[in-house]
Amino acid sequence: MASSSSSSRPHSYDVFLSFRGEDTRKNFTDHLYNTLIAYGVRTFRDDEELQKGDDIKSGLSTAIQDSNLFLIIFSENYATSKWCLNELIKITECTTAADDQAGKRVIPVFYHVHPRDLGHQWGNFQDAFLNHEKDADQEKKELIGKWRIALEKAAKLSGYHVNNQHETEVIKKIREVIITRLNRKPLHVGDNIVGMDFHLKQLNSMIKTRRDDVYMIGIYGIGGIGKTTIAMAIYNDISSQFDGDCFLQVDGKTSNSGLLELQKKLLQNTLKDQKCANKKLGTKAIEGLFIEISASCQIQFSRDSFTKMNKLRLFKVYTRFYNNFKVDLPMDFELSSFELRYLHFSKYPLISLPTNFHANNLVELNLWGSNIKQLWKENEVLNNLKVMDLSCSKDLVEMPDFSSVPNLEILNLEDCTSLESLPQNFHKLKHLRSLCCSGCSKLKSFAQIKGNMSKLRNLNLRGTAIVEVPSLIRLLNGLEYFDLRSCRNLVSLSESIRNLRSLETLIVGGCSNLQGFPDLKDDMENLKILDLSQTAINELPPSIGDLKALQILDLSECKNLVNIPERICDLRSLDTIKVEGCFKLEGLNVYLNGEGGYDLACHILRPGIKPPN
């Protein structure tokens, strides 16, 4: 690039391919790699590119620094590999470094995993981290913290999902986007222009480009000194860092019709790489529209702002400043929704969806922080809807009949503080995998459970007003994560909870009125984490010793706890037991292989370890 700064160095590789070998090496990754190579994309794959005898760490670090784009394939066993996690940290450091980010971008591929499992470390990712944390010293704990942060950041990135569709289709889309990004042609500004490097260095120091930032910079001076040339050069230098780019030349003689043509060019150039518009121009051709609202901004839409967009498939109104923006919509607002697949409207201001809302193809609905009271009429059926996020919708008082969303997989109702109940046909959600009602402070009872709901993995009722856990909870036989923290009205747990054979994490910490814990059976063979902290229990049942997989037992701040049964020694997998603040606990009256009793100061309880004098 003739006009780029001399400090920029060329990339040895167009793409750095990061993946968990045992998961995808012989299928998806191999096909993707060979496709990119066939189209002339210089692609780094560590098992082929590192020469024999090279220092693996040094070689990888160099390859990452010398790569333009990063394709990271997150698969089910990705987090079990320390190699992959350390590689992810290096990639994250490289792409966020202020002095070396020209054109660098991470493109994640979620291969049969959900980004939320990645970001929250649920499911297989949780298992992997529990294993990493075993016997970790302080240095390793700090490294694990960096792994978690890197995964959280990656989960928030826009990428590609491989689930049930043909892998060749996804590979084709990835190939097209990469080739489009790599083939951007620079504007011609001439060769070896004196002083250009100095100007570019000054502008780059002011911009410090991030993809989620907005800048306006003025270059002023008398005519003929090269202002336009400098603008073209900085455009060449940084445009490859963005999903879309456009260079427009406007002067004082541009007419209104000329401005319209410039607007059309802007839309065409910035949307083409995102597959959001076809070759025709105008509102009827737009398939995707993302509107980011600045801080302290109020924006108004008219009734007909989007009615002509009858091909609209993706629509998002959002901001990074959630407390300082407002959107005004007229009561008769309409949205063309027949082709809509994705609707994300933060702080949606109306109490219901538009009257013309018939989004039969909708897959994801996100109305974070909305004023919604009721979504739609009972006769509306959305067979394709899989994700519904209504979190922080403080006025939501009623959910639609669940038979209207028969294929829903993820439902987020966090902090819907006016919601008092869920529809009684909860059992209709046979495909539901995750339900979050955390912070629904008026929710007093859980919905009726019956039939087959074996796909439900995560259930979060934290901070609700529920009084009891229904006995039919046993029907949720696929449940892995159950959170009841700070349910202060909860007095007891149903004994049927012991039938949750797949349960790995049970949290009832902060349930200050919970006075007893049910007798357990060895059926709960997968329970790894049990949090009973800040409850009113005074003893544990002897059957606690049947929890063979238990690794963490939190009893901290159980002020009524008097004794811990001797069968605690049967827990061969137990790593940590927390008893801080258990003032009535006189001691752990157990024997560890004949070595004597353990006092209140214990933090780790494991058979065979001799207690301190």
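Thresholds applied
- Residues numbered from 1 in each chain as written.
- Predicted model: local features only at pLDDT ≥ 70, side-chain atom pairs only at ≥ 80, totals over all residues.
- Heavy atoms only, no water.
- Helix = DSSP H or I, 4+ residues; strand = E, 2+ residues; numbered from the N terminus.
- Buried < 20%, exposed > 50% of the residue type's maximum accessible area, 1.4 Å probe, protein only.
- Contact = heavy atoms within 4.5 Å.
- Pairing = 2+ DSSP bridges.
- Axes fitted to C-alpha atoms, helices over the stretch in contact; angles between N-to-C directions.
- Phe/Tyr/Trp six-rings, centres within 6.5 Å; stacked < 30°, edge-to-face > 60°.
- Salt bridge = Lys/Arg side-chain N within 4 Å of Asp/Glu carboxyl O.
- Polar contact = N/O pair within 3.5 Å; in protein donor to acceptor, adjacent residues only side chain to side chain.

Student: Would you take a moment to explain the overall build of the protein chain for this structure?
Tutor: Across its full length, the protein chain carries 12 helices and 20 strands. Counting all 613 residues of the protein chain, 47% fall into the buried class. If you take every contact in the protein chain between residues at least 6 apart in sequence, the share linking residues at least 24 apart comes to 55%.

Student: How do you make sense of the sheet that holds strand β5 (residues 160-162) when you look at a structure like this?
Tutor: To summarise the sheet geometry, strands pair through backbone hydrogen bonds and adopt either a parallel or an antiparallel arrangement. The strand order β2-β1-β3-β4-β5 describes an open sheet built from five strands, whose pairing is parallel. Two strands in the sheet have a free side with no partner beyond their single neighbour: β2 (43-45) and β5. Sheet twist, expressed as the average angle between the axes of neighbouring strands with direction ignored, equals 20 degrees. Both strand β1 (residues 13-19) and strand β3 (residues 67-74) contribute to a ladder of six bridges, which runs parallel. Within β3, the residue paired with S18 across the bridge is I72.

Student: Would you take a moment to explain the packing of aromatic side chains for this structure?
Tutor: Each aromatic ring pair is described using two quantities: the centre-to-centre distance and the angle formed by the ring planes. Here the structure, examined in full by the defined rule, presents 15 aromatic pairs. Between F16 and F70, the ring centres sit 6.0 Å apart and the planes meet at 50 degrees, which makes this aromatic pair tilted. With a gap of 54 residues between them, F16 in strand β1 and F70 in strand β3 connect regions that are remote in the sequence. Classification of F16 by relative accessible area gives buried; the value is 1%. Aromatic pair F345 and Y348: ring centres 5.3 Å apart, planes at 80 degrees, arrangement edge-to-face.

Student: What is the right way to look at the pattern of salt bridges in this model?
Tutor: Where charged atoms from two side chains of opposite charge approach closely, those side chains can pair. The tally for this structure, following the rule as stated, stands at 17 salt bridges. The closest approach of N and O atoms between R148 and E133, which form a salt bridge, is 2.6 Å. Of this pair, R148 sits in helix α8 (residues 138-155) while E133 sits in helix α7 (residues 124-133), and the two are 15 residues apart along the sequence. Taking relative accessible area as the criterion, R148 reaches 24% and is therefore assigned partly exposed. We classify E133 as partly exposed; its relative accessible area is 33%. A salt bridge links R567 to D546; the shortest N-O distance between them is 2.8 Å. Remark: D546 occurs in the loop between β18 (529-531) and β19 (552-554) and R567 occurs in the loop between β19 and β20 (576-578); sequence separation between them is 21 residues. Here R567 falls in the partly exposed class, since its relative accessible area comes to 29%.

Student: Any chance you could explain the environment of M388 here in plain terms?
Tutor: Of note, M388 is situated in strand β12 (residues 387-389). Here M388 falls in the buried class, since its relative accessible area comes to 1%. Placed 25 residues apart in sequence, M388 and V363 show a C-alpha to C-alpha distance of 8.6 Å. In this view, M388 contacts L365, L375, W376, M399, V405, L408, I410, L411 and N412; residues no more than four positions away in its chain are not counted.

Student: How do you make sense of the environment of S337 when you look at a structure like this?
Tutor: Within the element layout of this structure, S337 appears in the loop between β9 (325-328) and β10 (342-345). Since its relative accessible area comes to 1%, S337 is described here as buried. Separated by 17 residues in the primary sequence, S337 and P354 have C-alpha atoms spaced 9.6 Å apart. Those residues within four positions of S337 in sequence are excluded, and the remaining contacts are N356, F357, H358 and A359. Within polar-contact distance, the side chain of S337 engages the backbone nitrogen of H358 at 3.0 Å.

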